[in-house]
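Now for the letters of each chain:
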Amino acid sequence: MTRSTRESFLARLHKPLGRPSTIINIPDPPEVDESIARLVAKDADLFAIFCDKAAATGMTIHQVTEQTLHESITARLREENVNTLSVCMADSQAMTHAVAQAGMQVQDWKALPGKAGLDRQFELDAGITDVHAAIAETGSLIYQSDAEHSRGMSLIVPWHIAIVKKSQIMADLIDFWNDRSSLDAQGMPASIAIITGPSKTADIEGVLITGVHGPAMVDVFVVEDQ
Amino acid sequence: MSNPRKLSQETETVSGESVELTMAGHDILFPKLPYDMKQRAKDATHNDQLQEFVNSATRMRDQLRINHCNDVFGDNYDKMRELAGSIKQHTLDHLDYYIEQFIDNATAAGTVVHYAADDKEANAICLEIAKLHSAKLVVKSKSMVTEETNLVHDLEAVGVETIETDLGEYILQLDNDAPSHLVTPMIHKNRASVGRAFARELGVEYTDDPKELTQIARRVLRDKYRQADIGISGGNFMIADSGSTVICTNEGNGRLCTSVPPVHVAFIGIEKMIPSRKHLPVFLKLLSRSAIGSPITVYNHIMTGPKRSHEADGPQEQHIILIDNGRTEVLKPETREMLRCIRCGACLNSCPVYRKVGGHSYGSVYPGPIGAILTPVFKGLANYKDLPYASSLCGACYEACPVKINIPKYLIKLRGDLIGGKHDKFIDRIFFKMWAMSLKKAWTYRMAGKFAGVFLRLRAGKSIKNKDPYLNRGWVKKVPGPAAGWTEKRDLVTPPTKDFRSWWDEHQKQKGGK
């Protein structure tokens, strides 16, 4: 079988488009008219809207200050009898210390490379992460992969605990994507996850069940930092 | 094409009764051509699960969509659909430009882009990747295009165990069944059949509790993600200006399939393109709202290349297979609009015909109103003559469509193409000729009405002369010819001896006489 190439594949498109080769100059695509598509204004009470919408998705919201954050998290971990967990944050030292002090076993997710590291993530009771942004419109968390952020920690663990700073809350999905649209392909994070609630399904007779493949519980600690 | 998992046509349930499987698994979507829809549609109307559950579930989701979209978009709902439709149309009009841009950007990000003219080539590419990695186990998330290519069959045929991980698709795979809805694939099945399939195939104790069943599936599949050599996904969107692929799921299986195994292969139809990241929110805002009336899917995963060298986890290789498989046929100017579809399933939920006949009646991968127009273009109109007629042309699908595909317009166009200006049955030609004649002048229209009235009254065994025209009406149980299908399921009320126009004329005369 002769295989399609980029050229032969594109040629298949040129025929129905009615041109001999790929068009070089095209009109600008339609603008995203914000008077239609924007659902939350930039100057709205983003904190209140985010907490409200995030809670509606089934995530548990805790409003804390920088002073009460560690204490609130360890209390919540004890409540759920957590034994092992990992911390996945841009600056994880203080949190790791606080959780270890409270008697929980903190696993270093970076210590084991490749497959072994992934396997370890499957055995954890919980994962604590910060986020890269949050969206008031939908109550979503935005979590990107990078050197300090494992994909598994907001996905493989049965319980995802996310820390959102109040200043990270953006009004609308539009704002987040406008913000990211100047990056080139290499500059884009390899993985951006927009997370909106615990894992859900309604495949069996439409009955809503939380916790299928992803985390069954998501706790969000919103920190007043302004 | 038979599924190697199941050989017998009969299968034993836990209670010992046997259930007949009329057709095996994936073959349901690939019937003998030319396809005759009538038998399956008829069976569906006698299927209680389908009539009760599919009907109520689709109505509920349709209502959720309407309420939710009106709530958030208000008067802008229509403009929002217009905006999304115009972005998709622009992209399709310049699809060569955007595909080239996508290839350049994805390649720069480290993705390997492949090109598949048809289903065979797409699967062959995937099989080569599997061979290269000596893959034994593949986990895959929900993807309609892999249904088109029958990928699972081809992988299993060469000994690669391939597991569907979307809960609904997993159940269908275990029970040797096929999806019947774009978003809720096992809408035609009940919990008892899931319980029986789990007991039979997984050796667990029978339960029909959805929560317990879900937990069983979770336990089984969690190990599979860890062991899998390759993760396969579809793609909801491709973004040209960054070379990114987007998948939207609620369960998390899509994100697991694209994050845990060392190799990720995405099967994506070329029509899934959007120009830029700035356009993505428009579609994310509409997709889940149109599908199930929720603001957004739980997980939207935007992937740009494989894992970077400094990252600890993520796939080391990312392959994207760009798939034509008939799409360039649809890309012709006269049908291009059909490719705007973002597979939300809103047209299925809103369709009074889909609700009654279910997805399998359409005899193809894409059911419902969108399937009724896409399938004949994909697979030849002569092979799917019934599909353009599987609609009442009520327009509910057009109103529900988030990208404003004028489905009724295309149904009518396909009907026109089918008859080529001429009906094939003599009786139909006479019938439509007379109909056309009767509609041309007021008096002929009236005459036809009178004839029909007399005919139906005689059919009902009623006198055509009756002192009180509105009493002693009764029902017409059966009508021959084109209306036979209508009276098969319900009776027709017998017309009165005096029609409204006669009454009106007399009434006006009386008034004038006073």
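Not measured: the values here are computed from a predicted model.

**Thoughts on the domain arrangement of chain B**
Argument step 1. Domain parsing of chain B yields domain 1 (10-30 + 94-325), domain 2 (31-93 + 347-422) and domain 3 (427-513).
Argument step 2. Computed from C-alpha coordinates alone, the two centres of domain 1 of chain B and domain 3 of chain B are separated by 54 Å.

**Quick look at the packing of helix α19 (residues 426-440) of chain B against helix α20 (residues 442-459) of chain B**
Residues and elements named next belong to chain B.
Argument step 1. Here α19 crosses α20 at 125°, and the two axes come no closer than 5 Å. By the angle between their directions, the pair α19 and α20 is classed as oblique. Where α19 abuts α20, its residues Met 437, Ser 438, Leu 439 and Lys 440 lie against Thr 444, Tyr 445 and Ala 448.
Argument step 2. Of the residues assigned to the contact of α19 with α20, the class counts are 4 nonpolar, 2 polar and 1 charged.

**Let's talk about the pairing of strand β6 (residues 230-233) of chain B**
Residue and element names in this part refer to chain B.
Argument step 1. Residue alternation in β6 divides its side chains into two sets, Ile 230 and Ile 232 and Gly 231 and Ser 233, and both sets are buried.
Argument step 2. Here strand β4 (residues 137-140) runs beside β6; their pairing, made up of 3 bridges, is parallel. What sits directly across from Val 139, in β6, is Gly 231.
Argument step 3. By the bridge criterion, 4 bridges tie β6 to strand β9 (residues 263-269) in an arrangement that is parallel. Among the inter-strand pairings, Ser 233 is bridged to a residue of β9, identified as Ala 266.

**Examining the interface of chain A and chain B**
A common way to express how large an interface is: the accessible area buried when the components associate.
Argument step 1. Of the residues lining the interface, 89 residues belong to chain A; the matching set on chain B comes to 104 residues.
Argument step 2. Between chain A and chain B, roughly 8000 Å² of surface is buried when both sides are summed, and carbon and sulfur atoms account for 60% of that area.
Argument step 3. The interface formed by chain A and chain B holds 12 salt bridges in total.
Argument step 4. Counting across the chain A and chain B interface gives 49 residue pairs in polar contact (both at pLDDT 80 or more).
Argument step 5. Sorting elements by how many residues they give to the side of chain A that touches chain B places helix α1 (residues 6-17) of chain A first, with 8 residues.
Argument step 6. Of the residues contributing to the side of chain A that touches chain B, the split by class is 43 nonpolar, 27 polar and 19 charged.

**Observations concerning unusual backbone geometry**
Residue and element names in this part refer to chain B.
Argument step 1. Leu 33 connects to Pro 34 through a cis peptide bond whose omega is -5°.
Argument step 2. Within the secondary structure, Pro 34 sits in the loop between β2 (18-20) and α1 (38-45).
Argument step 3. Phi angles above zero are rare outside glycine, and Asn 150 is one such case at about 55°.
Argument step 4. Classification of Asn 150 as buried rests on a relative accessible area of 7%.
Argument step 5. We note that Arg 343 has phi near 60°; this positive angle belongs to a residue other than glycine.
Argument step 6. Residue class for Arg 343 comes out buried when judged on its relative accessible area of 12%.

**Observations regarding the nonpolar core**
Argument step 1. Core analysis: the largest hydrophobic core is formed by 108 residues, its most contacted members being Phe237(B), Leu322(B) and Tyr362(B).
Argument step 2. By residue number, the principal contributor to this core is helix α12 (residues 280-292) of chain B, which donates 7 residues.
Argument step 3. Sequence-distant contacts of Tyr362(B), defined by excluding residues within four places in its chain, comprise Tyr35(B), Met37(B), Cys351(B), Val353(B), Tyr354(B), Val357(B), Pro367(B), Gly368(B), Ala372(B), Tyr384(B), Leu387(B) and Ala390(B).
Argument step 4. Within the second largest apolar cluster, 28 residues are counted, among which are Leu141(A), Val157(A), Ala171(A) and Val220(A).

**Details of the confidence of the model for chain B**
Argument step 1. Looking at chain B, pLDDT values average 91 and 94% of them are 70 or higher.
Argument step 2. Confidence over residues 1-22 of chain B falls short of pLDDT 50; this stretch has 37 contacts with residues more than four positions distant or in other chains.

**Notes on a positive patch on the surface**
Residue and element names in this part refer to chain B.
Argument step 1. Together, Lys 42, Arg 59, Lys 356, Lys 489 and Arg 490 make up a positively charged patch on the protein surface.
Argument step 2. Inspection of the secondary structure assignment puts Arg 490 in the loop between α21 (484-489) and β14 (492-493).
Argument step 3. Classification of Arg 490 by relative accessible area gives partly exposed; the value is 40%.

**Quick notes on the environment of Thr162(B)**
Residue and element names in this part refer to chain B.
Argument step 1. Along the chain, Thr 162 falls in strand β5 (residues 161-164).
Argument step 2. For Thr 162, a relative accessible area of 0% puts it in the buried group.
Argument step 3. Sequence separation between Thr 162 and Gln 173 is 11 residues; the distance between their C-alpha atoms is 9.9 Å.
Argument step 4. Looking at Thr 162, its side chain comes within polar contact range of the main-chain oxygen of Val 160, at 3.0 Å.

**Here we look at the environment of Val476(B)**
Residues and elements named next belong to chain B.
Argument step 1. Mapping Val 476 onto the fold places it in strand β13 (residues 475-476).
Argument step 2. Using a relative accessible area of 0% as the deciding quantity, one classes Val 476 as buried.
Argument step 3. In the structure, Val 476 is positioned 251 residues away from Tyr 225 in sequence and 60 Å away in space, judged by C-alpha atoms.
Argument step 4. Among all residues touching Val 476, those that are not within four sequence positions of it are Leu 456, Arg 459, Ala 460, Thr 487, Asp 491, Leu 492 and Thr 494.

**Focus on the sheet that holds strand β8 (residues 169-170) of chain A**
To summarise the sheet geometry, strands pair through backbone hydrogen bonds and adopt either a parallel or an antiparallel arrangement.
Argument step 1. Pairing is mixed in the open sheet, where 8 strands are placed in the order β8(A)-β5(A)-β6(A)-β9(A)-β11(B)-β8(B)-β7(B)-β10(B). The open sheet has two edge strands, β8 of chain A together with β10 (273-274) of chain B, and neither has a second partner.
Argument step 2. Direction of pairing for strand β5 (residues 133-135) of chain A relative to strand β6 (residues 140-144) of chain A: antiparallel, over a ladder of 3 bridges. Along β6(A), the bridge assignment pairs Ala133(A) with Ile142(A).

**Here's the deal with the side chain of Ser391(B)**
Argument step 1. Counting through the fold element by element, Ser391(B) comes out in the loop between α16 (368-379) and α17 (396-400).
Argument step 2. At 2.9 Å, the side chain of Ser391(B) and the backbone nitrogen of Leu393(B) are in polar contact.

**Concerning the packing of aromatic side chains**
Argument step 1. Counted by the stated rule, this structure contains 15 aromatic pairs over all chains.
Argument step 2. Their ring planes at 70° and their centres at 6.1 Å tell us that Tyr170(B) and Phe198(B) sit as a pair that is edge-to-face. One end of the pair, Tyr170(B), is in helix α8 (residues 167-174); the other, Phe198(B), is in helix α9 (residues 191-202), with 28 residues separating them in the sequence.
Argument step 3. For Phe198(B), a relative accessible area of 1% gives the class buried.
Argument step 4. Among the aromatic residues, ring-to-ring pairing joins Phe431(B), Phe432(B) and Trp435(B) into one connected group.
Argument step 5. Above the ring of Phe47(A), the side-chain terminus of Lys166(A) is found at 4.8 Å from the ring centroid.
Argument step 6. Over the face of the ring belonging to Tyr77(B) we find Arg81(B), whose NZ or CZ atom lies 5.7 Å from the ring centre.

Parameters and conventions
- Residues numbered from 1 in each chain as written.
- Chains lettered and ligands numbered in written order.
- Predicted model: local features only at pLDDT ≥ 70, side-chain atom pairs only at ≥ 80, totals over all residues.
- Heavy atoms only, no water.
- Domains from an automatic or database assignment.
- Axes fitted to C-alpha atoms, helices over the stretch in contact; angles between N-to-C directions.
- Helix = DSSP H or I, 4+ residues; strand = E, 2+ residues; numbered from the N terminus.
- Parallel < 35°, antiparallel > 145°, perpendicular 65-115°, else oblique.
- Contact = heavy atoms within 4.5 Å.
- Nonpolar A, V, L, I, M, F, W, Y, C, P; charged D, E, K, R; others polar.
- Buried < 20%, exposed > 50% of the residue type's maximum accessible area, 1.4 Å probe, protein only.
- Pairing = 2+ DSSP bridges.
- Buried area = accessible area lost by both parts, 1.4 Å probe.
- Salt bridge = Lys/Arg side-chain N within 4 Å of Asp/Glu carboxyl O.
- Polar contact = N/O pair within 3.5 Å; in protein donor to acceptor, adjacent residues only side chain to side chain.
- Core = buried A, V, L, I, M, F, W, Y, C linked by side-chain atoms within 4.5 Å.
- pLDDT = per-residue confidence, 0-100.
- Patch = residues over 30% accessible without salt bridge, like charges linked within 9 Å, V, L, I, M, F, W, Y side chains within 5 Å.
- Areas by Shrake-Rupley, 256 points an atom, 1.4 Å probe, with all protein chains shown as cover.
- Lys, Arg positive; Asp, Glu negative; His and termini not counted.
- Charge placed at Lys NZ, Arg CZ, Asp CG, Glu CD.
- Phe/Tyr/Trp six-rings, centres within 6.5 Å; stacked < 30°, edge-to-face > 60°.
- Lys NZ or Arg CZ within 6 Å of the ring centre and 35° of its normal.

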